[in-house]
Amino acid sequence: MTSEPAIRELLRLDAAHVWHPYGPMPATVPPLLVEEASGVRLRLADGRELVDGMSSWWAAIHGYRNPVLDAALAEQASRMSHVMFGGLTHEPAIRLATTLVDLTPEGLEHVFLCDSGSVSVEVALKMCLQYWRSLGRRDKVRMLTWRGGYHGDTFHPMSVCDPEGGMHALWRGVLPEQLFVPTPPSGFGTPVDESYVDTLVRAVEEHADELAAVVVEPVVQGAGGMRFHNPAYLRVLREVTREHDVLLVFDEIATGFGRTGALFAADHAGVAPDVLCVGKALTGGYLTMAATLCTRRVADGISRGEVPVLAHGPTFMGNPLAAAVANASLDLLSEGTWRDEVRRVERKLREGLAPAAAVPGVVDVRVLGAIGVLQLDHAVDLAVATEELTSRGVWLRPFRDLIYTMPPYITSDADLELVTEAMVDTAKVA
Ligand SMILES: *Cc1c(COP(=O)(O)O)cnc(C)c1O
């Protein structure tokens, strides 16, 4: 625990100097000072404990201070924290790339390690653009996506984010203008809407000559609105892109590594993209690392082009600490218990959130895998919601009209009850 005056001083310095995500300087709602985290609990400097229903932006799937991940990190730190990746290589990165190729859908054979999710989307888009350039198709420079997506905060990824959520109006003249089709019809299990299938097919057919790639989040649109859709639309995209010579990119940064109940969301549809982005849970939430995987066709196209190199190379590419923790996290996943855990979390979220359907102002309650969402008919008052949640010992970060949880897979039934009860009651007051 930290003394009251020391906490006040740290928060004063925070407000003076530290810019927090998606906010003005200083933040409108002052952040909470965290001192330690263990299991699913954050310990605040003032001694309070909060059950983390966010997994630190969906990444800490095995919880904090996981003994296996801690040991892997310490062991790697005792050998080598980092070396440049140009001209050098190392076992943690080699093992990681090999495991990713094994686990991800068929055909993805080559792995570019990145330092964040946004960068992995940048690399994915660069791969697609360069592939067509290398083949002499300089007209294929646009991306097509559906509305409601989120792909990161750097500029090219922003261009494929939802135009409203991504603030495209603010960036008109700066962002490349991509092609958008409507958001897919809501619901993982809702029947396929044939007119939406037509919309997808026609958009790709009509624009095939200028399209480098179709870029989507499969099955779950995360930060763009926590919406689920029928995996059948992914099969439609796979067929129509193959038929019309357009590449297909799946951004599984949010959905990868079991979150939706399948190891990868693409597995729900049984399709493989040409390019795949993973991140967030890759290192179990310990360190920043992401990866872009591609097929032999994409890699060969680039490597035989007029400029036969992929000109990208982050300073901390392939970081051994991050790679070692990622390997440990993937080892944990390969034990297979995540499947039962996610199924249990899904059942508890369904049970716990069901009463919210009767709360005035709640327009939708949806659960898929270890994702639980309450959608309201109004924007959540973040200050009121945070006060309500933290007073009950729960950490969540609602946004727009959504109160949602993406808890660590290891969260106990009792802690899931605490989280879901707090969500239902927060819906009543916020
Ligand atoms: C979080 C996220 C990103 C961006 O990843 P960062 O590591 O925050 O740069 C991209 N795409 C999706 C689907 C995400 O959820």
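The numbers attached to residues start from 1 for each chain and follow its sequence in the written order. For a predicted model such as this one, the threshold for reporting local features is a pLDDT of at least 70, and the threshold for listing and counting side-chain atom pairs is 80 or more; totals across whole chains, interfaces and linings nevertheless cover every residue. Hydrogens and water are ignored here; the side-chain numbers use all heavy atoms of the structure.

(A) Structural view of the pattern of salt bridges. Put simply, a salt bridge is a Lys or Arg side-chain nitrogen that is within 4 Å of an Asp or Glu carboxyl oxygen. All chains considered together, the criterion is met by 26 salt bridges. Between aspartate 274 and arginine 297 there is a salt bridge; the shortest N-O distance is 3.9 Å. One end of the pair, aspartate 274, is in the loop between helix H9 (266–269) and strand S11 (275–278); the other, arginine 297, is in helix H10 (residues 296–303), and 23 residues separate them in sequence. Only protein chains enter the area calculation, which uses a 1.4 Å probe; residues under 20% of their type maximum are buried, those over 50% are exposed, and those in between are partly exposed. By relative accessible area, which is 6% here, aspartate 274 ends up buried. Arginine 297 sits in the partly exposed class, given a relative accessible area of 35%. Across the salt bridge formed by arginine 304 and aspartate 300, the nearest N and O atoms sit 3.6 Å from each other. Residue classification places arginine 304 among the exposed positions, given a relative accessible area of 67%. Counting from the N terminus, the helices are the DSSP runs of H or I reaching at least four residues and the strands are the DSSP runs of E reaching at least two.

(B) Expanded view of the domain arrangement of the chain. Examined at the domain level, the chain breaks down into domain 1 (32–65 + 337–429) and domain 2 (71–334). What makes two residues a contact is simply this: any of their non-hydrogen atoms within 4.5 Å. Counting from both sides, the interface comprises 27 residues of domain 1 and, opposite them, 26 residues of domain 2. Accessible surface is computed with a 1.4 Å probe, and the buried area is the amount of it that two parts give up when combined, taken over both parts together. Between domain 1 and domain 2, a total of about 2300 Å² is buried, with carbon and sulfur atoms accounting for 65% of that surface. Ranking the residues of domain 1 by area buried against domain 2 places Trp58, Trp338 and Leu368 at the top, with a combined share of 31%. An automatic or database domain assignment is the source of the domain bounds shown.

(C) Broad picture of the packing of helix H13 (residues 382–391) against helix H14 (residues 413–429). To get an axis, a line is fitted to the C-alpha atoms, and for a helix only the part in contact is used. The angle between two axes follows their N-to-C directions and goes from 0 to 180 degrees. Two numbers describe how H13 lies on H14: the axes approach to 9 Å, and their chain directions differ by 145°. Crossing geometry of H13 relative to H14 is assigned as right-handed. Every residue of H14 that contacts H13 at Val384, Ala385, Glu388 and Leu389 is listed here: Ala422, Met423, Asp425, Thr426 and Val429. For this scheme, ten residues count as nonpolar: Ala, Val, Leu, Ile, Met, Phe, Trp, Tyr, Cys and Pro. Four count as charged, namely Asp, Glu, Lys and Arg, and the remainder, Gly too, count as polar. Residue composition of the contact of H13 with H14, by class: 6 nonpolar, 1 polar and 2 charged. Note: crossing handedness is left-handed where the near helix turns anticlockwise from the far helix by less than a right angle, and right-handed where it turns clockwise.

(D) Molecular detail of unusual backbone geometry. Going from methionine 25 to proline 26, the amide bond is cis rather than trans, its omega being -5°. For proline 26, the position within the fold is in the loop between helix H1 (4–17) and strand S1 (34–38).

(E) Looking closely at the layout of surface pockets. Put simply, the second largest pocket is a space of about 220 Å³. If you trace the second largest pocket, you find it lined by Ala72, Glu75, Gln76, Arg79, Met80, Glu91, Pro92, Arg95, Ala324, Asn327, Ala328 and Asp331. Mapped by element, the contributors of at least two residues to the lining of the second largest pocket are helix H3 (67–77), helix H4 (91–103) and helix H11 (320–334). Here the lining of the second largest pocket gets 4 residues from one element, more than from any other, and that element is H11. Of the residues in the lining of the second largest pocket, the class split is 5 nonpolar, 2 polar and 5 charged. Cavities and pockets are found on a 1 Å grid laid over the protein atoms alone: a cavity is a set of points where a 1.4 Å probe fits but cannot escape, a pocket is an open set with protein on both sides within 12 Å along at least five of seven lines, and a lining residue has an atom within 4 Å of such a point. Grid points are joined across faces, edges and corners, and a volume is the space filled by probe spheres set on the points.

(F) Spatial organisation of helix H12 (residues 337–353). One less than the number of residues in a helix, times 1.5 Å, gives the span that helix is expected to have. Given a rise of 1.5 Å per residue, 17 residues ought to cover 24 Å, and the 24 Å separating the end C-alpha atoms of H12 matches this to within 8%. When we look at burial in H12, the residues that qualify are Trp338, Val342, Arg344, Val345, Glu346, Lys348, Leu349, Gly352 and Leu353.

(G) Summary view of the UniProt feature "binding site: substrate" (unreviewed entry) in the chain. UniProt positions are given in the numbering used here, feature names are shortened, and annotations may be inferred rather than shown by experiment. Within this structure's numbering, the places UniProt gives as "binding site: substrate" (unreviewed entry) are Trp57, Tyr150, Lys280, Gly313 and Arg397. A maximum C-alpha distance of 33.2 Å among these annotated residues, which run over 341 residues, shows that they spread across the structure rather than meeting at one spot. Within the element layout of this structure, lysine 280 appears in the loop between S11 and strand S12 (290–295). Sequence-distant contacts of lysine 280, defined by excluding residues within four places in its chain, comprise Trp57, Trp58, Ala59, Ile253, Ala254, Gly285 and Met289. With respect to the helices, strands and loops of the structure, arginine 397 is situated in the loop between strand S15 (394–395) and strand S16 (402–405). By relative accessible area, which is 34% here, arginine 397 ends up partly exposed. When residues no more than four places from it in sequence are discounted, the contact partners of arginine 397 are Met54, Leu382 and Tyr404.

(H) Broad picture of the nonpolar core. In these notes, a set of buried Ala, Val, Leu, Ile, Met, Phe, Trp, Tyr and Cys residues joined through side-chain atoms within 4.5 Å is what counts as a nonpolar core. Judged by nonpolar contacts, the single largest core of 115 residues is most densely connected at Leu96, Trp146, Met226 and Phe257. The element best represented in this core is helix H5 (residues 117–134), accounting for 9 residues. Each of domain 1 (32–65 + 337–429) and domain 2 (71–334) accounts for three or more of the residues forming this core. Counting 5 residues, the second largest nonpolar core, distinct from the first, contains Leu69, Ala72, Ala328 and Leu332.

(I) Molecular detail of the sheet that holds S1. Spatially, 4 strands are ordered S1-S2-S3-S15 in an open sheet, and the strand pairing comes out mixed. Two strands close off the open sheet at either side, each with one partner strand: S1 and S15. Criterion used throughout: strands pair if DSSP finds at least two bridges between them. Across 2 bridges, strand S3 (residues 49–52) lies against S15 in parallel orientation. Bridging across to S15, valine 51 finds its partner in valine 394.

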